[in-house]
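Structural description and commentary
Below are the chains, spelled out letter by letter.
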Amino acid sequence: MNESLRQQFERLAYRLSELDNILAEGSIAADMKRYRALSKEQAEASDLVSKYRKYLQREADLAEARELLDDPDMSGMAREEISAAESDITRLHQELQLALLPVDPDDERPAFLEIRAGTGGDESALFAADLARMYLRYAERQGWKTEILSSSDSDLGGYKELVLRIEGDHVYGRLKFESGGHRVQRVPATESQGRIHTSACTVAVIAEPDAAEEIQLNPADLRIDTFRASGAGGQHINKTDSAVRITHVPTGLVAECQDDRSQHRNKAKAMLVLAARLRDKDRHEREARDAANRKGLIGSGDRSDRIRTYNFPQGRLTDHRINLTLYKLGAIMDGDLDDVAAGLQAAQAAEQLALLEGRA
């Protein structure tokens, strides 16, 4: 373990001592919100400090065992202890490193997933529908709840645009790396000469904000339009202006919802989507400033970044950010995204570890 990591754990041990003293005072219980926050911090720090102390103990055990190697009566036992101590040290070191990685507080939140057809015309819209099916199947595998907030159909049955809301365990954390440009190479159903075409879609994944932390929108900055919803819904859809579109005039961001028969509920959902997009815009602007000195391995998440290619003739998926190639495109399009998600999360962890070890 390098010196910078040791210093971080020493500071954490000092902080644990402070927390123990604060929580031992009876007066802290009067502020239950602060008491719960400090108790949580104490529990997390206690676990890490305990592991760090075990790590230091095994380092001491290793040093003692090495000193016994020259003793003929103790050398056999010493070699066994050296092997066990080195194994424990390696395991504890990895656990301690991973525990120090920064956690995105949004990872546990529900998410809005937006798919928009790009270059390629009708074929792009059909690919957007394929991507939607892939994400819906993946959500089903994870036990997540999904709903379509808005959609714009193409003439051949694809989507010009689709917005999903996905709720469940660790939704944003598992889907956030999907943001960016998705390119497809295949022979379209409408292609009579068997030529491979290339088209693209963009995907954006946005964490749903906590209601308590939701951005306060100034009504004067909003333009609210109502219109008749399209798609399934029977006669009601054609007779009432239940769909709602909200435009945030200062930024030009737009959100709409048409999935509910109630205009009031559609307006509430559209407002939530708009707040999420504004929050996501602020988040990306902050990250862009932070990334001015370096570009992250997994990319910026900007829609202009081409992150992945789906090559149907070769049955191949390639994620360009981490040079991951998988020859199981059929399974992936059927919702088996586990290998892709695991590869991206591992790449992020490796990048964070490199930064952590290089920090003074």
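Conventions used here
- The residue numbers shown here count from 1 along each chain, following its written sequence.
- Restriction of local features to residues with pLDDT of at least 70 applies here, the model being predicted, together with a cutoff of 80 or more for giving and counting side-chain atom pairs; totals for whole chains, interfaces and linings are based on all residues.
- The basis for every side-chain value is the complete set of non-hydrogen atoms in the structure, without hydrogens or water.
- Per-residue confidence from the predictor is given as pLDDT, running between 0 and 100.
- For this analysis, residues touch if any pair of their heavy atoms sits within 4.5 Å.
- In this analysis a 1.4 Å probe is tested at points of a 1 Å grid over the protein atoms alone, and where it fits but cannot get out there is a cavity; an open set with protein on both sides within 12 Å along at least five of seven lines is a pocket; lining residues have an atom within 4 Å of a point.
- Grid points are joined across faces, edges and corners, and a volume is the space filled by probe spheres set on the points.
- Segments assigned H or I by DSSP are reported as helices when at least four residues long, segments assigned E as strands when at least two residues long, and all are numbered from the N terminus.
- Here the nonpolar group is Ala, Val, Leu, Ile, Met, Phe, Trp, Tyr, Cys and Pro; Asp, Glu, Lys and Arg are the charged ones; every other residue, Gly included, is treated as polar.
- Should DSSP find at least two bridges between two strands, the strands are regarded as paired.
- Simply put, an axis is a line fit to the C-alpha atoms, just over the touching stretch for a helix, and the angle between two N-to-C directions goes from 0 to 180 degrees.
- Partly exposed describes any residue whose relative accessible area lies between the buried limit of under 20% and the exposed limit of over 50%, with all areas from a 1.4 Å probe on protein chains only and scaled to the type maximum.

Regarding the confidence of the model for the chain
Counting all residues, the mean pLDDT for the chain is 85, and 89% of those residues have values of 70 or more. A low-confidence stretch, residues 232-238 stays under pLDDT 50, and its non-local contacts, those more than four residues away or across chains, total 9 contacts.

Focus on the layout of surface pockets
Put simply, the second largest pocket is a space of about 340 Å³. Together, Gln 8, Arg 11, Leu 12, Arg 15, Ala 37, Lys 40, Glu 41, Glu 44, Leu 48, Ala 99 and Leu 100 line the second largest pocket. Elements supplying a minimum of two residues to the lining of the second largest pocket: helix 1 (3-24), helix 2 (32-67) and helix 3 (75-100). For the lining of the second largest pocket, the per-class residue count stands at 5 nonpolar, 1 polar and 5 charged.

Quick word on the sheet that holds strand 9 (residues 306-311)
Reading across from one edge, 2-3-1-5-4-9-10-11 is the order of the 8 strands in this open sheet, with mixed pairing throughout. This sheet does not close on itself; its edge strands, each paired only once, are strand 2 (145-153) and strand 11 (324-326). Neighbour-to-neighbour, the strand axes of this sheet turn through a mean angle of 15°, independent of strand direction. In terms of strand pairing, strand 4 (residues 180-186) meets strand 5 (residues 197-207) through 7 bridges, oriented antiparallel. Residue pairing in the sheet places Val 184 in a bridge with Ser 199 of strand 5. Here helix 4 (residues 122-142) sits on the sheet and contacts strand 1 (111-117), strand 2, strand 3 (159-167), strand 4, strand 5 and strand 9; the angle it forms with strand 4, its principal contact strand, is near 110°.

A look at the environment of Tyr 135
With respect to the secondary-structure elements, Tyr 135 resides in helix 4. Residue Tyr 135 is classed as buried on the basis of its relative accessible area, which comes to 1%. Separated by 197 residues in the primary sequence, Tyr 135 and Ile 332 place their C-alpha atoms 9.7 Å from one another. Those residues in contact with Tyr 135 that lie beyond four places of it in its chain are Leu 113, Ile 115, Leu 175, Glu 178, His 182, Val 203, Arg 308 and Leu 337.

Things to note about the pairing of strand 9
In terms of residue burial, strand 9 counts as a mostly covered element, since 5 of its 6 residues are buried. Pairing analysis gives 5 bridges linking strand 4 to strand 9, with the strands arranged parallel. What sits directly across from Gly 181, in strand 9, is Arg 306. Strand direction decides the pairing type here: strand 9 and strand 10 (residues 316-319), joined by 4 bridges, are antiparallel. Bridging across to strand 10, Thr 309 finds its partner in Thr 318. Hairpin connection, strand 9 to strand 10: the antiparallel pair is bridged by 4 residues, and Gly 315 has positive phi, about 60°.

Looking at the side chain of Gln 352
Secondary-structure assignment places Gln 352 in helix 9 (residues 338-358). Apart from residues no more than four positions distant in its own chain, Gln 352 is found in contact with Leu 101 and Pro 102.

Concerning the sheet that holds strand 6 (residues 222-227)
Ordered in space as 6-7-8, the 3 strands form an open sheet in which the pairing is antiparallel. Strand pairing shows two members of the sheet lacking a second neighbour, strand 6 and strand 8 (253-257), which therefore form its edges. Each adjacent strand pair in this sheet contributes to an overall mean axis angle of 15°, direction not counted.

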